[in-house]
Amino acid sequence: MLSREDYLYFTDRALNGMAAIVVELGDERANRAAHPGANSPYALLHHCLCVIETWVGGFVRGRPVDRDRDAEFTAAGPVELLVERCATVRAQMHTDVADAHPEQFLLQEPPADFLGPPIRLTQGGALQHVFEELAQHHGQMETLRDVLAAAPGQPLETA
């Protein structure tokens, strides 16, 4: 079984990687979709933070959940504020994971219409789902960064 420390190492690695990508891209590119219908890197990191707040804070730890998932993918704004929020959410996740009981069921069940695993999850299962989301979107953001950086006539902003 994965230790809490190992779990947080891997979730931090994904979150730090995503935060570094939006910083590298800068405000203009981080808020740009690589093509019509695609998500921007900013929106993907915002979505991941909402995933953590919902699944870890809400379902694992029992805090109220108020989420507009569709709106997460249209989020835009200053990279600096998103990176600050990322640090805050990451710190809260560390506290929440320390207080979780992986073998117990969730303190709050996801609504039937939520997109997530279609099985009844333990707290550990929900934490694994969060890592699944972070890893998947981190890889997606790496690809988006490469596409946005290669846009003709648009030099990549450097920090």
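Undergrad: Looking at this structure, I do not really get the environment of E132. What am I missing?
TA: One can find E132 in helix α5 (residues 123-149). Note: C-alpha distance between E132 and T11 (121 residues apart in sequence) is 9.3 Å. At 3.0 Å, the side chain of E132 and the side chain of H129 are in polar contact.

Undergrad: Help me understand helix α1 (residues 4-30) in this model?
TA: Residues lying three or four places apart along an α-helix face the same way, a consequence of the helix completing one turn every 3.6 residues. Between its first and last C-alpha, α1 extends only 31 Å over 27 residues, short of the 39 Å set by a 1.5 Å rise per residue. The largest bend in α1 is about 65°, located at E24.

Undergrad: Looking at this model, I keep getting lost on the packing of helix α2 (residues 41-60) against α5. Mind explaining?
TA: When two helices pack together, their arrangement is captured by the angle between the axes and the distance separating the axes. At their nearest, the axes of α2 and α5 sit 10 Å apart, and the two run at 175° to each other. In this view, α2 runs roughly antiparallel relative to α5, as classed from their interaxial angle. Contact with α2, carried on its side by P41, L44, L45, H47, C48, V51, I52, W55, V56 and V60, involves Q123, A126, L127, H129, V130, E133, L134, H137, Q140, M141, L144 and L148 of α5 and no other residues of that element. When the residues that make up the contact of α2 with α5 are grouped by side-chain class, the tally is 16 nonpolar, five polar and one charged.

Undergrad: I tried to follow the packing of α1 against α5 on my own but got confused; where do I start?
TA: Where α1 contacts α5, the two axes come as close as 9 Å, and the packing angle between them is 30°. By the angle between their axes, α1 is roughly parallel relative to α5. Like other packed secondary-structure pairs, α1 and α5 cross with a definite hand, here left-handed. Class assignment for the residues of the contact of α1 with α5 results in 16 nonpolar, five polar and five charged.

Scoring rules and cut-offs
- Residues numbered from 1 in each chain as written.
- Predicted model: local features only at pLDDT ≥ 70, side-chain atom pairs only at ≥ 80, totals over all residues.
- Heavy atoms only, no water.
- Helix = DSSP H or I, 4+ residues; strand = E, 2+ residues; numbered from the N terminus.
- Polar contact = N/O pair within 3.5 Å; in protein donor to acceptor, adjacent residues only side chain to side chain.
- Expected span 1.5 Å × (residues − 1).
- Bend = angle between axes of the 7 residues up to and from the residue.
- Axes fitted to C-alpha atoms, helices over the stretch in contact; angles between N-to-C directions.
- Parallel < 35°, antiparallel > 145°, perpendicular 65-115°, else oblique.
- Contact = heavy atoms within 4.5 Å.
- Nonpolar A, V, L, I, M, F, W, Y, C, P; charged D, E, K, R; others polar.
- Left-handed = near helix turned anticlockwise from the far one by under 90°.

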